[in-house]
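If you want the building blocks of each chain, they are given just below.
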Amino acid sequence: MATIRPSRGAEHTAILGVGAYRPSRVVPNAELVEAIESSDEWIQQRSGIKTRRWATPDETVQSMAVAASRDALAKAGVDAPQIDCVIVATVSHMLQTPAVATLIAHELGTDQAAAFDVSAACAGFCHAVGMASDMVRAGSAGHVLVIGVERLSDLTDVGDRGTAFIFADGAGAAVVGPSETPGIGPLVWGSDGEQYDLIRQREDWREVIASESPRMPHLVMQGNPVFRWASFAMAKVGRQALDRAGITAEELDCFVPHQANMRIIDALARSMKLPDTVRIARDVADMGNTSAASVPLALERMIREGDARPGDTALLIAFGAGLAYAAQVVTVP
Ligand code: COA
């Protein structure tokens, strides 16, 4: 039997740079409350959200992803042709096929990098960072560009009390590449399909077409069970990611959870017994829940504002529709 040569890559990997694109239009709670018979006070108290960004017509999934990617590449000091693979985590690219990743790779000038989309909802970015790290260590790619991008305003029913004030738009990106020391810890990930219906697109495309008055199949969510699952089950996942990386809560500098809701962020930090010294991302107050974009957007902001410094140890955790989740410890670039 012939022997197939195994593929080997870098011994260690790290996030080399993080970039962001925040859409220009700021939408305050005041703009939404009338349609859902709510109030700025109620929304802030239940979710911690004060404003969010909704993309203008020319701020597309592709254009926002390209802008965030250029920022990440510049910060990493990596040129587009060095990228061997582009992974885009998104649920709001409006074509079932092909993936938006190939268009983004082409616009960036990556020299025909492999490119594909990942559908893991709000957990997609952490899934993609884990895959990118494994690819670089296995030798399938030298550098991987990971993007989380959403235009959830297209999928949001502005008359739905349970979601209208939550979902928002934006893009974040990270370059994953080789490193002298371990910069991306073991991936802890999983799913719970028994709870498939808790957050979902209301109808599938065939049901939309068959209906008498076809309309966009908006996202719907059972807020209460999602809140309980995220606040408790995800604390266990966060602790597993720390354990598998051999990091104690005391050694952690930053906590960058999916920006779903401020109360979930606080509950997670409490259940994980994170010490007060850990700096916590709270981007949700100004950005709402941007699903796959939320973790890279929040991390980029912490770095830009000096709350996450190069060499710091950060726990990333993301969770959402599926239900799907993923977490890992990383070194801040
Ligand atoms: N504005 C004002 N009142 C509202 C409202 C709104 N937008 N939505 C619901 N209410 C009212 C309800 O009518 C109910 O009133 P009642 O007590 O008189 O019957 C009350 O608020 C409580 O409703 P409930 O649906 O139990 O709200 P809640 O406390 O669960 O809060 C969420 C709703 C959506 C804020 C909360 O469930 C949540 O944060 N869930 C997680 C959402 C999330 O982060 N998802 C993303 C995960 S990826």
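Residues numbered from 1 in each chain as written. Predicted model: local features only at pLDDT ≥ 70, side-chain atom pairs only at ≥ 80, totals over all residues. Heavy atoms only, no water.

What follows deals with the packing of helix α2 (residues 61–76) against helix α3 (residues 100–108). It is at 10 Å that the axes of α2 and α3 come closest, and there the two elements cross at 50°. Considered as vectors, α2 and α3 are oriented oblique to each other. Two packed elements cross with a definite hand, and for α2 against α3 that hand is right-handed. For the pair α2 and α3, the contacting residues are V61, Q62, A65, V66, S69 and R70 in the first and V100, L103, I104, E107 and L108 in the second. Here the contact of α2 with α3 is composed, by residue class, of seven nonpolar, two polar and two charged. (Axes fitted to C-alpha atoms, helices over the stretch in contact; angles between N-to-C directions. Helix = DSSP H or I, 4+ residues; strand = E, 2+ residues; numbered from the N terminus. Parallel < 35°, antiparallel > 145°, perpendicular 65-115°, else oblique. Left-handed = near helix turned anticlockwise from the far one by under 90°. Contact = heavy atoms within 4.5 Å. Nonpolar A, V, L, I, M, F, W, Y, C, P; charged D, E, K, R; others polar.)

Considering the arrangement of structural elements, one finds T156 in the loop between β6 (143–151) and β7 (169–179). A polar side-chain atom of T156 sits 2.6 Å from the main-chain carbonyl oxygen of L152. Those residues within four positions of T156 in sequence are excluded, and the remaining contacts are T163, A164, F167 and H218. (Polar contact = N/O pair within 3.5 Å; in protein donor to acceptor, adjacent residues only side chain to side chain.)

Another point: unusual backbone geometry. T97 connects to P98 through a cis peptide bond whose omega is 0°. Of note, P98 is situated in the loop between β4 (83–89) and α3. Here the amide bond leading from G322 into L323 is cis, since omega sits at -10°, within 30 degrees of zero. Positive phi, close to 50°, is recorded for A121, a residue that is not glycine. Looking at the secondary structure, you find A121 in the loop between β5 (114–118) and α4 (124–138). The backbone of K273 sits at a positive phi, close to 55°, despite the residue not being glycine. Here K273 shows up in the loop between α7 (262–271) and β12 (279–280).

Once that is clear, we can look at the site of the ligand. In the region of the ligand, 20 residues are neighbours, and S38, R46, G223, N224 and N261 sit closest. In this structure, N261 approaches the ligand through a side-chain N or O atom, which is 2.5 Å from an oxygen atom. Contact with the protein chains removes 69% of the 960 Å² of surface that the ligand exposes when unbound. At the level of secondary structure, the elements contributing two or more residues to the shell around the ligand comprise α1 (40–47), α6 (223–245) and β13 (313–320). (Near = heavy atom within 4 Å. Areas by Shrake-Rupley, 256 points an atom, 1.4 Å probe, with all protein chains shown as cover.)

With that out of the way, let us pick up helix α9 (residues 294–304). Burial analysis of α9 places eight of its eleven residues in the buried class, which makes it a mostly covered element. Within α9, the full set of buried residues consists of S294, V295, P296, L297, A298, L299, E300 and M302. At the C-terminal side of α9, G306 shows a positive phi close to 80°. (Buried < 20%, exposed > 50% of the residue type's maximum accessible area, 1.4 Å probe, protein only.)

If you check which residues of α3 are buried, you get V100, A101, I104, A105 and L108. For α3, the angular spread of buried residues about the axis comes to 135°, placing them on one side. Each element contacted by the buried residues of α3 is listed here: α2, β4, β5 and β6. The positive-phi residue at the C-terminal boundary of α3 is G109, with phi of around 80°. (Arc of directions from axis to C-beta.)

Strand order in the open sheet made by the five strands is β1-β7-β6-β4-β5, with mixed pairing throughout. Of all strands in the sheet, those with a lone pairing partner are β1 (12–21) and β5, marking the two edges. Direction aside, the axes of adjacent strands within the sheet are offset by 20° on average. Relative to β6, β4 runs parallel, the two sharing six bridges. Looking across to β6, one finds that A89 is bridged to G148. Against the sheet, α2 contacts β1, β4, β6 and β7, and its axis sits at roughly 130° relative to β1. (Pairing = 2+ DSSP bridges.)

When its domains are assigned, the protein chain resolves into domain 1 (12–179) and domain 2 (188–331). For domain 1 and domain 2, the distance between their C-alpha centroids amounts to 14 Å. Facing 51 residues of domain 1, the contacting portion of domain 2 comprises 45 residues. Roughly 3600 Å² of surface becomes buried between domain 1 and domain 2 when both sides are summed, with 65% attributable to carbon and sulfur atoms. Among the residues domain 1 hides against domain 2, the three largest losses belong to R22, C122 and C126. Together they make up 19% of the total. Where domain 1 touches domain 2, the interface holds four salt bridges. (Domains from an automatic or database assignment. Buried area = accessible area lost by both parts, 1.4 Å probe. Salt bridge = Lys/Arg side-chain N within 4 Å of Asp/Glu carboxyl O.)

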